[in-house]
Amino acid sequence: MSELRPRAAGLAPDLPLAERLFAELRARTADASGAGVTRMSYGPGEAAAHEIVYREASALGLTLETDAARNLYLTLPGAEEAPRLVIGSHLDSVPRGGNYDGAAGVLMGLSVVSGLVATGCVPPQPITVMAIRAEESAWFSSSYIGSRAAFGRLAAAELDTVRRAGDGQQLGAAIEAAGGSATAVAEGLAFLTPDDIAAYIEPHIEQGPVLAHRGAALGLVTDIRGSRRYRAAICTGAYAHSGTTPRALRRDAVVAVAELVSTLDETWQRMEADGQDLTVTFGQIATDPAEASFSKVAGHVGFSLDIRSNAPSTLEQAEAELRASVAQIEQERHVVFDLGPRTFTEPAFMDRGVIAALHRAARRAGHEIGEMPSGAGHDAATFASLGVPTGMLFLRNLHGSHNPDEHMDMADFQAGAEVLLQYCLDPQAPSP
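Please read all numbers here as calculations on a predicted model, not as lab measurements.

Here is what the cut-offs are and how they apply
Residues numbered from 1 in each chain as written. Predicted model: local features only at pLDDT ≥ 70, side-chain atom pairs only at ≥ 80, totals over all residues. Heavy atoms only, no water. Helix = DSSP H or I, 4+ residues; strand = E, 2+ residues; numbered from the N terminus. Rg over C-alpha atoms; globule rule 2.2 N^0.38 Å. Contact = heavy atoms within 4.5 Å. Areas by Shrake-Rupley, 256 points an atom, 1.4 Å probe, with all protein chains shown as cover. Lys, Arg positive; Asp, Glu negative; His and termini not counted. Charge placed at Lys NZ, Arg CZ, Asp CG, Glu CD. Phe/Tyr/Trp six-rings, centres within 6.5 Å; stacked < 30°, edge-to-face > 60°. Axes fitted to C-alpha atoms, helices over the stretch in contact; angles between N-to-C directions. Left-handed = near helix turned anticlockwise from the far one by under 90°. Nonpolar A, V, L, I, M, F, W, Y, C, P; charged D, E, K, R; others polar. Core = buried A, V, L, I, M, F, W, Y, C linked by side-chain atoms within 4.5 Å. Buried < 20%, exposed > 50% of the residue type's maximum accessible area, 1.4 Å probe, protein only. Expected span 1.5 Å × (residues − 1).

Asker: Whenever I open this one, the overall build of the chain confuses me. Can you help?
Answerer: Across its full length, the chain carries 13 helices and 17 strands. Its C-alpha atoms give the chain a radius of gyration of 23 Å, within 12% of the compact-globule value 22 Å for 432 residues. Across its three principal directions, the C-alpha atoms of the chain cover 85 × 45 × 40 Å. The contacts in the chain between residues at least 6 apart in sequence include a share of 80% that link residues at least 24 apart. Of the roughly 17,700 Å² that the chain leaves accessible, carbon and sulfur atoms contribute 52%. In the chain, the 34 positive side-chain charges and the 53 negative ones have mean positions that sit 2 Å from each other.

As structure tokens, this is what we get:
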């Protein structure tokens, strides 16, 4: 590499590379149903995506490394031996998901590094593009598996107790099958340490409609909501004949769950009116197909509940309201709730210095950029929780996320890549 030339002629992100790889990802990981893509965590689709990125990074002459959990690290040396700048995201997807969720961040990092390599421009510090494993908890009911493992923070018990949806494979066995080492992960072997990282930047499509509603291409994330999740909750009442059982003698599980939905929606509305950040979602509600019928009072309902906020105190208050509501409905409706296992993540806040530096980079690149919270979880939360200066760059996404219709314009991707390139060239540069 040549000496640092931050304004090398022709320096730009490699958009043709990104377009080509998005097309290959879509073709190689298309779901068999024909709807969207499926890149199962530690499965064939995720493996194919990692192989694609590995191949391209090798062609660029980057240093290639993997850790015990099979996270992939692609490093371009810097002008100085200094803590590295990590640009990362995940390559797995939900079942029948969109092609950009996660992958856009990895390919943006690769397109920026490819632009630097093409012009012989050496960044001031090493840049590592990180392709993170198993971010989507739709597969394993545990959050941020790959990023926590990278820091040696994945609990050993999770390797045996957490199983993949669909085939039931243990997490540890899935890591081994992908070529990793469950033993090293269980021992807390860390590939990354916070002191080795100057900053972590995660480009990602927004997974909601805010940027599209604003008419904005880009956004900077201020914080990531924490969550309290009950994935397998149950309400048990009693089955009864629909025509012969009076209302007062019914133990109707459907009515009980419906009342809980209504009560927590009122709680959400009240707390939001008080200025608290909160979302409450019942994503799944189902009677037992083997028992339920048109002419039966339902005696069993399964449901899921997802509560999110950027304030721990709000999460605690919402859970207290949940427990109180459950107790009251049990007494009045003569049913029993079992909320089942509880999983959680804590809120994470992006570094104000990194946000300011990304604002400066956006001005140098000629783009306007606002700020916004993230309602969805991201691996950036792992880095931020460990004290790594962390930032997230959101890209406008039409039609929502976690569905086949997810959409990102390449013009928006280019704008984000131009901001990221400016940040990589000089993250501490003053505004012009």
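Still more to cover.
Asker: I would appreciate a short explanation of the packing of aromatic side chains in the present structure.
Answerer: Between two aromatic rings, the relevant description is the distance of the centres plus the angle of the planes. With the rule as written, the count across this model stands at 7 aromatic pairs. Between Phe22 and Phe413, the aromatic rings sit 5.5 Å apart at their centres with planes inclined by 80°, giving edge-to-face as the arrangement. Note that Phe22 is positioned in helix α1 (residues 15-28) and Phe413 in helix α13 (residues 410-425), a separation of 391 residues in sequence. An angle of 85° between the planes, with centres 6.1 Å apart, marks the rings of Phe303 and Phe337 as edge-to-face.

Asker: Would you explain the packing of helix α9 (residues 253-273) against helix α10 (residues 312-333) in this entry?
Answerer: Helix-helix packing: each pair is described by the crossing angle between the helix axes and the interaxial distance. Closest axis-to-axis distance for the α9/α10 pair is 10 Å, and the angle between their directions is 145°. When the axes of α9 and α10 are compared, the crossing they make is right-handed. Listed contacts from α10 to Val255, Ala256, Glu259, Leu260, Thr263, Leu264, Thr267, Arg270 and Met271 of α9 are Thr314, Gln317, Ala318, Glu321, Leu322, Ser325, Val326, Ile329, Glu332 and Arg333. Broken down by class, the residue content of the contact of α9 with α10 amounts to 9 nonpolar, 5 polar and 5 charged.

Asker: Got a minute to help me understand the nonpolar core in this structure?
Answerer: When a protein is soluble and globular, its nonpolar side chains tend to lie buried together. One finds Phe22, Leu110, Leu116, Ile224, Phe383, Phe413 and Tyr423 to be the most contacted residues of the largest nonpolar core, which totals 82 residues. Phe383 has contacts with Met130, Ile132, Ser147, Phe151, Leu192, Ile197, Tyr200, Val388 and Thr390, leaving out every residue within four places of it along the chain. By size, the runner-up hydrophobic cluster in this structure holds 24 residues, among which are Tyr230, Leu264, Val301 and Leu339.

Asker: Which parts of the structure should I look at to understand α1?
Answerer: Along an α-helix, a turn takes 3.6 residues, which lines up residues three or four apart on a common side. The first and last C-alpha atoms of α1 sit 20 Å apart over 14 residues, in line with the 20 Å expected at 1.5 Å per residue. Of the surrounding secondary structure, the elements contacted by the buried residues of α1 are α2 (44-59), α3 (103-119) and α13.

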